Amino acid sequence: MATSYNVRYLRKYWKRCTFGAGVFYFATKSVIKRYRNRVTTRHLCWEISTRAKEVHPATENVKKAYVFLNPTADNGNARSKFEKFAQPILNLAEFEVILIDSEYSGQIRALMGYIDPKTDIVVAAGGDGTLFEVVNGLMRRYDVNKFMHSVKIGIIPLGKENNFFKKCFPGQSSKRQARMIGEAAKTVLEGGCCPISVMKLSSDEGNIVYSVQQASWGSLKDAYSKRDSFWLFGPLRTVASHIYTAFKAWPDDYQLELQGLRQTGQGQRTWNVLGFDLYLNPQGTDLLFNIWPASVTKASFIQHGWHVGQGRPSKCQPTVATDSCTVQPICHKETWLSIDGEPYEAMTFQATVIPNCLHLISTSPR
């Protein structure tokens, strides 16, 4: 009788039962996720605390670390993630940790010029923009030649993209968020150092920007930067942005002129392009250009958007390799250059490499 009653109830109130089952599923999933995150953080704290019991000489100087937190990263979720997964681990550090919240864009860059010259570690707790401000603030210090060789830079990935962190720690991006952030905080306390190079971009007007990732210009950059406008397409918003650009905003007058190609011996070259990506060679100290020629079809353009949306690397091979050059993007309308994800007005600039000038805290010596 009970079974027959239950069947009749399900048939009569199937909407209520479906809604209740959905609420129960997501509530259970949320509880399990919180429990796993708490266990992960507790385990990492236990590992740090057991190693912290080592005795240190009383005369040993206490290390000092500045943590620059960008609370607006990841649509305002950075502070919550930091307090849950990273701060409990940093509280177990055997050195002085000073936490600074940024209140507006550019503040971290300015504060980097005033921190103690005897600082041992600077941590960028945020996304790629936070790291960009830390690097540019460090390279603009009056004592940069001494300070950049004594300080170590750590990363706690709290942003939405975290492209540089994923490139330096390729195995971390596939882990759950709590473990990725917790292990990044643990690496800040216990990791070694590896040298990284910096790309210096200086305009004719005297403006200087430092980059550790890449500078992009053209239609591919425009399509990628507009992807959030197509939020209605969910995970397909990147390819949707490329489709819109291919059929509604296809360019026909982009040109790229490179001068001073000493390493290649070509002197000067000009291309009709859809855009370019300029980045540091991971295997050396030279610059690499991914140049997308104007002959690229719309189908290939959309296919590139599909690969980017799925997190696959670009299939475009480096076209030019050089140690320094002058870059001139040419277009009849106003365009923007993306440097580590930050927009700048496109103009002629000189690109050079400062090799192995910064020390990144990493689990790998490379």
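Residue indices begin from 1 for each chain and proceed along its sequence in written order. Local features in a predicted model are, by the rule used here, given only for residues with pLDDT of at least 70; side-chain atom pairs are given and counted only at 80 or more, and totals for whole chains, interfaces and linings are based on all residues. To obtain the side-chain values, all non-hydrogen atoms of the structure were included, while hydrogens and water were left out.

Trainee: Is there a simple way to think about the overall build of the protein in this case?
Mentor: The helix and strand labels rest on DSSP assignments: H or I over at least four residues marks a helix, E over at least two residues marks a strand, and numbering proceeds from the N terminus. When helices and strands are tallied, the protein shows twelve helices and 15 strands. By residue count, 44% of the 366 residues in the protein fall in the buried class. Residue pairs in contact within the protein that sit at least 24 positions apart in sequence constitute 73% of those at least 6 positions apart. Values of accessible area rely on a 1.4 Å probe in the Shrake-Rupley scheme; residue burial ignores everything except the protein chains shown. Per element, the accessible surface of the protein, about 20300 Å² overall, is 54% carbon and sulfur. With a 1.4 Å probe rolled over the protein chains alone, any residue whose accessible area is under 20% of its type maximum counts as buried; one over 50% counts as exposed, and the rest are partly exposed. Contacts are assigned to residue pairs with any non-hydrogen atoms lying within 4.5 Å of each other.

Trainee: What is the right way to look at the nonpolar core in this model?
Mentor: Soluble globular proteins: nonpolar side chains tend toward being buried together. Counting 31 residues, the largest nonpolar core has Phe68, Met112, Leu131, Leu138, Met139 and Leu358 as its most contacted members. Ranked by the residues each element gives to this core, the list is headed by helix 6 (residues 128-139), at five residues. Non-local contacts of phenylalanine 68, meaning those with residues more than four positions away in its chain, are made with Ile100, Ile108, Leu111, Met112, Ile115, Val122, Val123, Ala124, Ala125, Thr130 and Val134. The set of buried Ala, Val, Leu, Ile, Met, Phe, Trp, Tyr and Cys residues whose side-chain atoms join them within 4.5 Å is what this entry labels a nonpolar core. Among the nonpolar cores identified, the runner-up in size contains 28 residues, and Val273, Phe289, Phe349 and Ala351 belong to it.

Trainee: Looking at this structure, how should I read the packing of helix 11 (residues 237-248) against helix 12 (residues 298-309)?
Mentor: The interhelical angle for the contact between helix 11 and helix 12, taken along N-to-C directions, is 160°, at an axis separation of 8 Å. Put simply, helix 11 runs roughly antiparallel to helix 12. In the packing of helix 11 onto helix 12, the handedness of the crossing is right-handed. Facing helix 11, whose interface residues are Thr238, Val239, His242, Ile243, Thr245, Ala246 and Phe247, helix 12 presents Lys298, Phe301, Ile302, His304, Gly305, Trp306, Val308 and Gly309. Angular values range over 0 to 180 degrees, each being the angle between N-to-C directions of two axes fitted as lines to C-alpha atoms, with helices fitted over their stretch in contact. The cut-offs work like this: below 35 degrees is roughly parallel, past 145 is roughly antiparallel, 65 to 115 is roughly perpendicular, and the gaps in between are oblique. By convention, the crossing between two helices is left-handed when the near helix turns anticlockwise from the far helix through less than a right angle, and right-handed when the turn is clockwise.

Trainee: Help me understand the packing of helix 4 (residues 78-90) against helix 9 (residues 177-190), please; the structure alone is not making it clear to me.
Mentor: Two quantities define a packed helix pair, namely the angle between the axes and the distance from one axis to the other. Axis separation between helix 4 and helix 9 bottoms out at 9 Å; the angle between their running directions is 30°. Classified by chirality, the crossing of helix 9 by helix 4 is right-handed. Contacts between helix 4 and helix 9 involve Lys81, Phe85, Ala86, Ile89 and Leu90 from the former and Gln177, Ala178, Ile181, Gly182, Ala185, Lys186 and Leu189 from the latter. Split into classes, the residues belonging to the contact of helix 4 with helix 9 amount to eight nonpolar, two polar and two charged. The nonpolar class holds Ala, Val, Leu, Ile, Met, Phe, Trp, Tyr, Cys and Pro. Asp, Glu, Lys and Arg form the charged class, and all remaining residues, Gly among them, are polar.

Trainee: Whenever I open this one, the pairing of strand 6 (residues 208-211) confuses me. Can you help?
Mentor: Each regular strand displays side chains that alternate between the two surfaces of the sheet. Any two strands between which DSSP finds at least two bridges are classified as paired. Inspection of the sheet shows strand 5 (residues 192-203) paired to strand 6 by four bridges, in the antiparallel sense. Bridge pairing in strand 6 links serine 202 to isoleucine 208. Between strand 5 and the antiparallel strand that follows it, strand 6, lie four residues; glycine 206 among them carries a positive phi value of about 95°.

Trainee: Is there a simple way to explain the packing of aromatic side chains in this structure?
Mentor: Centres within 6.5 Å are what make two rings of Phe, Tyr or Trp a pair, Trp counting through its six-membered ring; a difference in plane orientation under 30 degrees is then read as stacked, over 60 as edge-to-face, and the rest as tilted. All chains considered together, the criterion is met by nine aromatic pairs. Among the aromatic side chains, those forming a connected cluster through ring pairs are Trp217, Tyr254, Phe276 and Phe289. Each ring is checked for a lysine NZ or an arginine CZ that lies within 6 Å of its centre and within 35 degrees of its normal; such an atom marks a charge sitting over the ring. Between the NZ or CZ atom of arginine 141 and the centre of the ring of phenylalanine 147, over which it lies, the distance is 4.1 Å. For arginine 227, the ring lying beneath its charged end belongs to tyrosine 224, and the centroid distance is 3.9 Å.

Trainee: Is there a simple way to think about the pattern of salt bridges in this case?
Mentor: Note that side chains of opposite charge can pair when their charged atoms are close. One side-chain nitrogen of Lys or Arg within 4 Å of one carboxyl oxygen of Asp or Glu is enough to make a salt bridge. As enumerated under the stated definition, the model contains eleven salt bridges in all. Across the salt bridge formed by arginine 141 and aspartate 143, the nearest N and O atoms sit 2.9 Å from each other. By relative accessible area, aspartate 143 is classed as buried at 15%. When salt bridges with common partners are traced through the structure, they connect Arg79, Glu83 and Asp101 into a single cluster.

Trainee: Explain a negative patch on the surface here, please?
Mentor: What goes into a patch is any residue over 30% in relative accessible area without a salt bridge, connected to like charges within 9 Å or, for nonpolar side chains (Val, Leu, Ile, Met, Phe, Trp, Tyr), within 5 Å. In this count, Lys and Arg are taken as positive residues and Asp and Glu as negative ones, while His and the chain termini are left out. Charged groups are reduced to one reference atom each: NZ for lysine, CZ for arginine, CG for aspartic acid, CD for glutamic acid. Taken together, the side chains of Asp204, Glu205, Glu334 and Glu345 present a region of like negative charge at the surface. As for its position among the elements, aspartate 204 is in the loop between strand 5 and strand 6. For aspartate 204, a relative accessible area of 60% gives the class exposed.

Trainee: For this particular structure, what's the right way to read a positive patch on the surface?
Mentor: Taken together, the side chains of Lys29, Lys33, Arg34, Arg38, Arg42 and Lys84 define a basic patch exposed on the protein surface. Broken down by element, the positive patch gets its largest block of residues, five residues, from helix 2 (residues 14-51). Relative to the helices and strands, arginine 34 is located in helix 2.

Trainee: Would you mind showing me how to read the pairing of strand 14 (residues 342-345) here?
Mentor: Judged from the four bridges that link them, strand 13 (residues 336-339) and strand 14 form a sheet pairing that is antiparallel. By the bridge assignment for strand 14, leucine 337 is matched with tyrosine 344. Linking two consecutive strands that pair antiparallel, namely strand 13 and strand 14, is a turn of two residues; a positive phi of about 55° is found at aspartate 340 within it.

Trainee: What am I meant to see in helix 11 here?
Mentor: Every α-helical turn comprises 3.6 residues, leaving residues that sit three or four positions apart pointing alike. What a helix is expected to span follows from its residue count: subtract one and scale by 1.5 Å. Here helix 11 contains twelve residues, and its C-alpha end-to-end distance of 16 Å stays within 8% of the 16 Å for a straight helix at 1.5 Å per residue. Listed as buried for helix 11 are Thr238, Val239, Ala240, Ser241, His242, Thr245 and Ala246. On its buried face, helix 11 is in contact with helix 10 (219-225) and helix 12.

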